[in-house]
Amino acid sequence: MNRRLNLLTVPAVLALAVSGCTSNSPSAGGDLTVTSTADKCAVSASSAPSGTLVFKVTNKGNEITEFYLLAQDGLRIVGEVENITPNLTRDLVVQAPAGQYFTSCKPGMVGSGIRSAFTVTDSGKKVEASGDDKKLVATATTLYAGYVKDQTDQLLTKTNQFAALYKAGKFDQARALYAPARLHWERIETVAESFGDLDPSMDAREADLEPGQVWTGWHKIEKDLWPPKTGYKPLTAAERTKLADKLVTDTKTLHTRTRTLTYTVDQIANGSKGLLDEVATGKVTGEEEAWSHTDLWDFQGNVDGARVGFDNLRPILSKKDPALETSIATKFTALQKVLDKHKVGDGFKLYTQLSKGEIKELSDAVNALSEPLSKLTAAVLK
Amino acid sequence: MSTSENAASEETQGTTGSGVTRRRMVGLAGAGAALGAAGFASGFATRAATAGEPAAKPYDFFGEHQSGIVTPAQDRLHFAAFDVTTSDRQELVTLLRAWSLAAERMMQGLSASDEETSYDAPPADTGEAQGLPASSLTITIGFGPTLFRDASGKDRFGIADKTPKALRTLPHFPGDKLDVHRSGGDLCVQACADDPQVAVHAIRNLARIGFGTVSLRWSQLGFGRTSSTSKSQETPRNLFGFKDGTANVKAEDTAVLKEHVWVGDGDDAGARWLAGGSYLVARRINMHIETWDRTSLREQERDIGRDRSQGAPLSGGTEFSQPDFALKGRGGEPVINARSHVRLAHPSANNGVQMLRRGYNFTDGSDQLGRIDAGLFFIAFVRNPDTHFIPMQNQLAKNDLLMEYLQHTGSALFAVPPGASRGSYVGAGLFS
């Protein structure tokens, strides 16, 4: 719903090979400044020692501009920063080994840009060039796409079973399958939610409804299966059938759409972070499953999804920031340990069976992981 | 209404110029006590401040409009909503008279009451603001829908036929998680000051005056204004770290105030008493501070639609540049996201309506999960909530990217009568 991360609407950098970090925060000394105007691209120096280079690009022109660092062939993009609107300053951070390069501003975002030669001298540091990780990126994104497909397969199967049981009035069995089926949704929640039409019809909570919006999806069925003690009118058989059929149809649509989805590393990394945000704002507070109290299943699903995203990015991260990799991995393990305390058979305790201290412990573990995990995107793009 | 704009400005809002500070009162009070408390608080009310003290510039409670609307937003807030516990109309009127008198005094930096106090009685003023200057205190009083009719529709004080037509309980908006203990109320009092102690003193004394007639339903402390209501003010920042209120309606925009903030003479034939007043929308908006702080600057700026350091729209320029929502960047995508806060809250996305916002940051400690219980206490003054708030809030609740980090936990709507004339009281027009 509205409160959740829309993975696919985050303006993604195109791919790792052409990415640059942008930041408004001042970085350490030695930054290069670039002033882009309609007809000039003034760089404060024409050379720099190899290593991390920071170009602070200010647009003093009247049109949107872009800034590139190009390799010696003038074609390969080492780093770029786009959409620098008039008067704003954006940073480009790149790893540059010694060699010959070109800087280029592109006022109006057209043409081949205003270029100057730029030399990176050997600082003695070993520098891995930005954009040399294509294979790792391809592997990570392929694996993640496969994972999403697999989860939607399982989601579809279990949703079909669940819907059939609910329609047939086999409520005990339906209740037993509710959380296990949703687990697959929760594992890929940030992807599923990226479809603005499907998420509200499949996963809306009663409080999130817009005026005039018809309530459908998992949580409406949840309320019907775990009705409030007073003031609730059970749905009719016809209403149940309609509701269940709609959920199945929506799930099929989701299934179809995810067959062809592709991902970028920043989407995977942001998705991992987003899943943990979901835990922090909805699951650890018991707001998600207001009637069934099966929040810990969802919690586990979100953690699983975040972990898979992280695991797929690990080979990239271990090259770029091994300390961060260790930190995130350690905290995933710690969080799982806390979650495992509440396992009952294949499932979990109900949220209402948790003490305040236990909820706080879960929340603390989520926070401990979320903090380093929030740095994952910037690290894999570095 | 023709002179309302001028009356609204700080320059002409009227100051008594007495410059009396509570500091001055302390010494005199001491002397009074030594004399058996005779004349406590009455003998020095009009005395000028002693030389050397900075001349406080108190605002006048009386005037065409109530204070605390276009008054340059102060740094601190204590907002309170009350339930009226009496069913006696006269008691209610007496209370409003007493509140008006006390408010007028406190805004001048005086004690809440000029009553003589026996040494054997509790002091009429609670005393914690003694020695403090007026601190730009303003007090704004409003009437909630439940003052007119109770839940069963009963006319409580013989004023139901004068209920403003737009004064209703605000609807449920998507994502609302309202706490009944932070919502609604028959009366509200907004006390703003540059010193939290002065604002709290004001609410405390008004609540005390009201015991037996009203009971405090809920209240909210705020620090750090999140909007500017005057062009003389710097734009402050909200707890998301972004400048807030850049495009707010300002006291200097007299034509805009007339069109969008003050209720007009002909707006509501059944509630003529409200002309020159306004509607106050209060929303307690919790922020998911922790998840926001883990969000990339790229996404933060995308959600807001402005850059964080300068407050410039992402379409470029400086803080006060007009956002260009049509400007397209790479890939033909608008550089200001269509679901950014600035885009959805802009008059161009809301039939041209504007509102005067007067919100404050708040932090009420932390919750049981160790999360900071913080956010923005949103206050807006509008000419008509049906056109100037509800459609916008529906749109924001549905589409605003920021909603991922927000949870609305309190909600209330009040009709704010025009200012009272000297010798009268706030709401006199309703009860006459």
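Residues numbered from 1 in each chain as written. Chains lettered and ligands numbered in written order. Predicted model: local features only at pLDDT ≥ 70, side-chain atom pairs only at ≥ 80, totals over all residues. Heavy atoms only, no water.

Chemist: Sorry, what's going on with the pattern of salt bridges here?
Modeler: A pair can form between side chains of opposite charge whenever their charged atoms are brought close. All told, the structure shown has 52 salt bridges over all chains when counted by the stated rule. With its nearest N and O atoms 2.7 Å apart, the salt bridge here joins Glu80(A) to Arg330(B). Residue Glu80(A) is located in strand β6 (residues 77–84), and its partner Arg330(B) is located in the loop between α7 (297–304) and α8 (341–345); the two belong to separate chains. Linking Lys231(B) and Asp253(B) is a salt bridge whose minimum nitrogen-to-oxygen distance equals 3.0 Å. Separated by 22 residues along the polypeptide, Lys231(B) in the loop between β4 (214–225) and α5 (254–260) and Asp253(B) in the loop between β4 and α5 bring together distant segments of the chain. Taking the relative accessible area as the measure of exposure, Asp253(B) reaches 19% and is therefore buried. One network of salt bridges, in which partners are shared, links Arg182(A), Glu186(A), Glu189(A), Asp203(A), Arg205(A), Asp208(A), Glu278(A), Lys283(A), Glu288(A), Glu289(A) and Asp298(A). (Salt bridge = Lys/Arg side-chain N within 4 Å of Asp/Glu carboxyl O. Helix = DSSP H or I, 4+ residues; strand = E, 2+ residues; numbered from the N terminus. Buried < 20%, exposed > 50% of the residue type's maximum accessible area, 1.4 Å probe, protein only.)

Chemist: I'm lost on the interface of chain A and chain B in this one. Help?
Modeler: Often, the extent of an interface is quoted as the loss of accessible area on bringing the components together. Facing 47 residues of chain A, the contacting portion of chain B comprises 43 residues. Both faces considered, chain A and chain B share a buried interface measuring about 3,600 Å² in area, 48% of it formed by carbon and sulfur atoms. Linking Arg330(B) and Glu66(A) is a salt bridge whose minimum nitrogen-to-oxygen distance equals 2.6 Å. Between chain A and chain B we count 16 residue pairs in polar contact (both at pLDDT 80 or more) in total. Every element with two or more residues in the side of chain A that touches chain B is listed here: β5 (65–70), β6, α7 (265–283) and α10 (356–373) of chain A. Ranked by the residues each element gives to the side of chain A that touches chain B, the list is headed by α10(A), at 8 residues. Here the residues of the side of chain A that touches chain B are counted per class, giving 16 nonpolar, 16 polar and 15 charged. (Contact = heavy atoms within 4.5 Å. Buried area = accessible area lost by both parts, 1.4 Å probe. Polar contact = N/O pair within 3.5 Å; in protein donor to acceptor, adjacent residues only side chain to side chain. Nonpolar A, V, L, I, M, F, W, Y, C, P; charged D, E, K, R; others polar.)

Chemist: Looking at this structure, how should I read the packing of α7(A) against helix α8 (residues 295–320) of chain A?
Modeler: Each pair of packed helices gets described by two things: the angle between the helix axes and the distance between those axes. All names here are of chain A. With their axes 9 Å apart at the nearest point, α7 and α8 run at an angle of 155 degrees to one another. Between α7 and α8, the crossing angle belongs to the class labelled roughly antiparallel. The handedness of the crossing between α7 and α8 is left-handed. Facing α7, whose interface residues are Val265, Ile268, Ala269, Ser272, Leu275, Leu276, Glu278, Val279, Gly282 and Lys283, α8 presents Asp295, Asp298, Phe299, Asn302, Gly305, Ala306, Gly309, Phe310, Leu313 and Ile316. (Axes fitted to C-alpha atoms, helices over the stretch in contact; angles between N-to-C directions. Parallel < 35°, antiparallel > 145°, perpendicular 65-115°, else oblique. Left-handed = near helix turned anticlockwise from the far one by under 90°.)

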